[in-house]
Amino acid sequence: MLITTGGSEALMLACLSILDPYTEVIIPEPYYPNYTTFVHMAGGGIRALPTNAEEGFRYAVRERIESLITKNTRAIMITNPGNPTGVVLTQEEMRMIADVAKEHNLYLISDEVYREFCYGDGDGVPTMGRFRDIDENLIIIDSVSKQFSACGARVGCVITKNKELQHALLKFCQSRLAVATIDQIGATALYTVDADYYRKCREEYRKRRDLVVEQLQKIPGVMVQKPMGAFYIMAGLPVDDADKFQKWLLEEFDDNGDTVMFAPGAPFYETPGKGINEVRIAYVLEEEKLVRAMELLEIGIRTYRKDIMKVQEI
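Scoring rules and cut-offs
- Residues numbered from 1 in each chain as written.
- Predicted model: local features only at pLDDT ≥ 70, side-chain atom pairs only at ≥ 80, totals over all residues.
- Heavy atoms only, no water.
- Helix = DSSP H or I, 4+ residues; strand = E, 2+ residues; numbered from the N terminus.
- Rg over C-alpha atoms; globule rule 2.2 N^0.38 Å.
- Buried < 20%, exposed > 50% of the residue type's maximum accessible area, 1.4 Å probe, protein only.
- Areas by Shrake-Rupley, 256 points an atom, 1.4 Å probe, with all protein chains shown as cover.
- Lys, Arg positive; Asp, Glu negative; His and termini not counted.
- Charge placed at Lys NZ, Arg CZ, Asp CG, Glu CD.
- Axes fitted to C-alpha atoms, helices over the stretch in contact; angles between N-to-C directions.
- Parallel < 35°, antiparallel > 145°, perpendicular 65-115°, else oblique.
- Left-handed = near helix turned anticlockwise from the far one by under 90°.
- Contact = heavy atoms within 4.5 Å.
- Nonpolar A, V, L, I, M, F, W, Y, C, P; charged D, E, K, R; others polar.
- Pairing = 2+ DSSP bridges.
- Expected span 1.5 Å × (residues − 1).
- Polar contact = N/O pair within 3.5 Å; in protein donor to acceptor, adjacent residues only side chain to side chain.

**Notes on the overall build of the chain**
The number of helices and strands found in the chain is ten helices and eleven strands. Computed over C-alpha atoms, the radius of gyration of the chain comes to 20 Å, within 12% of the 20 Å expected from 2.2 N^0.38 for 314 residues, which places it in the range of a compact globule. Over its C-alpha atoms, taken along the principal directions, the chain stretches across nearly 60 × 45 × 40 Å. Counting across all 314 residues of the chain, residues that qualify as buried make up 51%. Surface accessibility of the chain: about 14800 Å² in total, with carbon and sulfur atoms responsible for 53%. Put simply, the chain has 36 plus and 46 minus side-chain charges, and the middle of one group is 2 Å from the middle of the other.

Shown next as structure tokens:
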């Protein structure tokens, strides 16, 4: 394990260590947009594994994954639980992906920064680390800021049993300044919390998730499924373009001086044209603020469709 400046640097160093120009990484879309940055920084490209909202953004189908593997494929990269979808892989799905990586001699980058935030009745924390037969393939990414809601704590780590990869990672780590000592000491203290801390966090996020999903389902035309992990919801809105709608909300709309902000969905996709009317909503605020945010979203959609989209149709 090597300590990094957040999970982002861990991802960047992993990509720099395993990719060469023109090599490829298979990533289920929609995905965390900075994956594009890290893969391209290393000279690689992304082969997107398509998903759709109707199937709950699930992607763990062996035939779909293997159909994307070429002679240039170097790795499969997943986030479990998912950002932005909240998808949590089952143990059977995780085993299948591990098998594909092993059989095709690929690295498996498992971004597990949200693994403590699962809201189903599954069998424990969903980590690829339990499959010891893929030690030579597996790279695990972790982050203090996500696990402990400590956004300013830029402490993460990259974990692998592969000795050759460890050697490459260490070269990159030695070429930059280490994470501040005081941050590392603080992070060490955070890891002394007991299981009750995570239980309370999960209960709170579950309540917020249920509230937001319930409110979204009441808005005509909104498409949403209940996520089972992390703290994000991917929803389809009845608007022509979520990015344009967001700009309108910020520049031209208000309700008693309030407006609402989300992340437009298109940048979470590799495939051009996908996610145009989708948004990612983070349910990290207090319940009363989330209620108000959903109220503003409903009013905003109604006003936008009436005043803007109707004008465009004319």
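**Observations concerning the packing of helix 1 (residues 6-18) against helix 6 (residues 163-174)**
Across the interface, helix 1 lies against helix 6 with an axial gap of 9 Å and an inter-helix angle of 120 degrees. Looking at the two axes, helix 1 sits oblique to helix 6. For the crossing formed where helix 1 meets helix 6, the hand is right-handed. Contact with helix 1, carried on its side by Leu13, Ala14, Leu16, Ser17 and Ile18, involves Leu165, Ala168, Leu169, Phe172 and Cys173 of helix 6 and no other residues of that element. Per-class residue counts for the contact of helix 1 with helix 6 are nine nonpolar, one polar and no charged.

**Concerning the sheet that holds strand 5 (residues 107-111)**
Strand pairing in a sheet relies on backbone hydrogen bonds. The paired strands run either parallel or antiparallel. Ordered by their spatial adjacency, seven strands build an open sheet running 1-7-6-5-4-2-3, and the pairing between neighbours is mixed. Each end of this open sheet is capped by a strand with a single partner; those strands are strand 1 (2-4) and strand 3 (45-49). Averaged over neighbouring strand pairs, the angle between their axes works out to 25 degrees when direction is ignored. Sheet analysis places strand 6 (residues 138-143) next to strand 7 (residues 156-159), joined by four bridges and oriented antiparallel. Looking at strand 7, one finds that Asp142 is bridged to Cys157. Against the sheet, helix 1 touches strand 1, strand 4 (73-79), strand 5, strand 6 and strand 7, its axis set at about 160 degrees to strand 6.

**Thoughts on the environment of His40**
Position of His40 among the secondary structure elements: in helix 2 (residues 34-41). Considered as a pair, His40 and Thr79 are 39 residues apart in the sequence and their alpha carbons are 18 Å apart.

**Some remarks on helix 1**
Taking 1.5 Å of rise per residue, 13 residues should cover 18 Å, and helix 1 covers 19 Å from first to last C-alpha, within 8% of that figure. For helix 1, the buried fraction is high: ten of the 13 residues fall into the buried class. Buried residues of helix 1: Gly6, Gly7, Glu9, Ala10, Leu11, Leu13, Ala14, Cys15, Ser17 and Ile18, and no others.

**So, the packing of helix 1 against helix 2**
Where helix 1 contacts helix 2, the axes come no closer than 8 Å and their chain directions differ by 35 degrees. The interaxial crossing formed by helix 1 with helix 2 has right-handed handedness. Between helix 1 and helix 2, the contacting residues are Ser8, Leu11, Met12, Cys15 and Leu16 on the first element and Tyr35, Phe38, Val39 and Met41 on the second. Looking at the contact of helix 1 with helix 2 residue by residue, the class counts come to eight nonpolar, one polar and no charged.

**Looking at the side chain of Thr51**
Among the secondary structure elements, Thr51 is positioned in the loop between strand 3 and helix 3 (62-66). Separated by 2.5 Å, the side chain of Thr51 and the backbone oxygen of Glu29 make a polar contact. When neighbours within four sequence positions are excluded, Thr51 is seen to be in contact with Glu29, Pro30, Phe57, Arg58, Tyr59 and Lys274.

**Structural notes on unusual backbone geometry**
Cis peptide bonds are those with omega within 30 degrees of zero, and the linkage from Glu29 to Pro30 qualifies with 0 degrees. Here Pro30 is to be found in the loop between strand 2 (24-28) and helix 2. Cis geometry marks the peptide bond from Asn83 to Pro84; its omega dihedral reads 20 degrees. You can see Pro84 is positioned in the loop between strand 4 and helix 4 (91-103). In the Ramachandran plot, Phe57 falls in the positive-phi region, its phi being about 60 degrees despite a non-glycine side chain. Its location among the elements puts Phe57 in the loop between strand 3 and helix 3. Although it is not a glycine, Asn105 sits at a positive phi angle of roughly 55 degrees. By the secondary structure assignment, Asn105 is in the loop between helix 4 and strand 5.

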